Amino acid sequence: MARSVAAKKSVKPAKSSYVLDEQVGFILRQVWQRHSSIFSRDIGTNLTPTQWAALSKLAETGACSQNQLGRLTAMDVATIKGVIDRLTARGLTETSQDPEDGRRLLVSLTRAGQQLAEKVAPNALAITRETLAPLDAREREMLMALLNKLR
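Quick look at the structure, then. (Residues numbered from 1 in each chain as written. Predicted model: local features only at pLDDT ≥ 70, side-chain atom pairs only at ≥ 80, totals over all residues. Heavy atoms only, no water.)

Observations concerning the environment of Thr79
Phase 1 of the analysis: Residue position: Thr79 is located in helix H5 (residues 77-89).
Phase 2 of the analysis: A relative accessible area of 32% places Thr79 in the partly exposed class.
Phase 3 of the analysis: C-alpha of Thr79 to C-alpha of Leu143: the two residues are 64 residues apart in sequence and 28 Å apart in space. (Helix = DSSP H or I, 4+ residues; strand = E, 2+ residues; numbered from the N terminus. Buried < 20%, exposed > 50% of the residue type's maximum accessible area, 1.4 Å probe, protein only.)

Take a look at the structure:
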């Protein structure tokens, strides 16, 4: 059976005004993938980026409610609950009753969690430096200012 002439010709796509490689979301995802790869390679322990965010924020601020911790780390209720459940199972966080409001639980670091946060912090700083390494100091400062403006 003979193929039609139209089927033999490949259709050249029309010039699109949307070019994926020029879209901020696509570029941010690629940068995130690069950063995640560096993080996984260099964090030095079995922590995910969200687990590290929770640990480091608790080390920075001290005990707080799970909801507050979720807000401080930009995680939704379900995500922060899962993160804290996993950290608690590892003995890195614990919960206690809020002395000001008995209905609320506070999340805090255990001694092991505090020690791990202190041990891992230099690795996390090195990960940030490597992620930003292609930029000079002025560009790094500008990028961080622009990203903070987009939050």
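Side note on the sheet that holds strand S1 (residues 64-65)
Phase 1 of the analysis: Judged by pairing direction, the sheet is antiparallel, and its 3 strands sit side by side in the order S1-S3-S2 without closing on themselves. Across the chains shown, the open sheet's two edge strands, defined by having one partner strand only, are S1 and strand S2 (93-98).
Phase 2 of the analysis: Here helix H3 (residues 49-61) sits on the sheet and contacts S1, S2 and strand S3 (101-109); the angle it forms with S3, its principal contact strand, is near 105°. (Pairing = 2+ DSSP bridges. Contact = heavy atoms within 4.5 Å. Axes fitted to C-alpha atoms, helices over the stretch in contact; angles between N-to-C directions.)

Focus: H3
Phase 1 of the analysis: Taking 1.5 Å per residue, 13 residues should reach 18 Å; H3 reaches 18 Å between its end C-alpha atoms and fits that length.
Phase 2 of the analysis: Buried within H3 we find Gln51, Trp52, Ala54, Leu55, Lys57 and Leu58.
Phase 3 of the analysis: Gly62 sits one or two positions beyond H3 and adopts a positive phi of about 85°. (Expected span 1.5 Å × (residues − 1).)

Brief notes about the side chain of His35
Phase 1 of the analysis: Turning to its location among the elements, His35 is positioned in helix H2 (residues 24-42).
Phase 2 of the analysis: A relative accessible area of 18% means that His35 is categorised as buried.
Phase 3 of the analysis: For His35, the side chain forms a polar contact with the side chain of Thr131, separated by 2.7 Å.
Phase 4 of the analysis: Not counting residues within four places of it along the chain, the set of residues in contact with His35 comprises Ile127 and Thr131. (Polar contact = N/O pair within 3.5 Å; in protein donor to acceptor, adjacent residues only side chain to side chain.)

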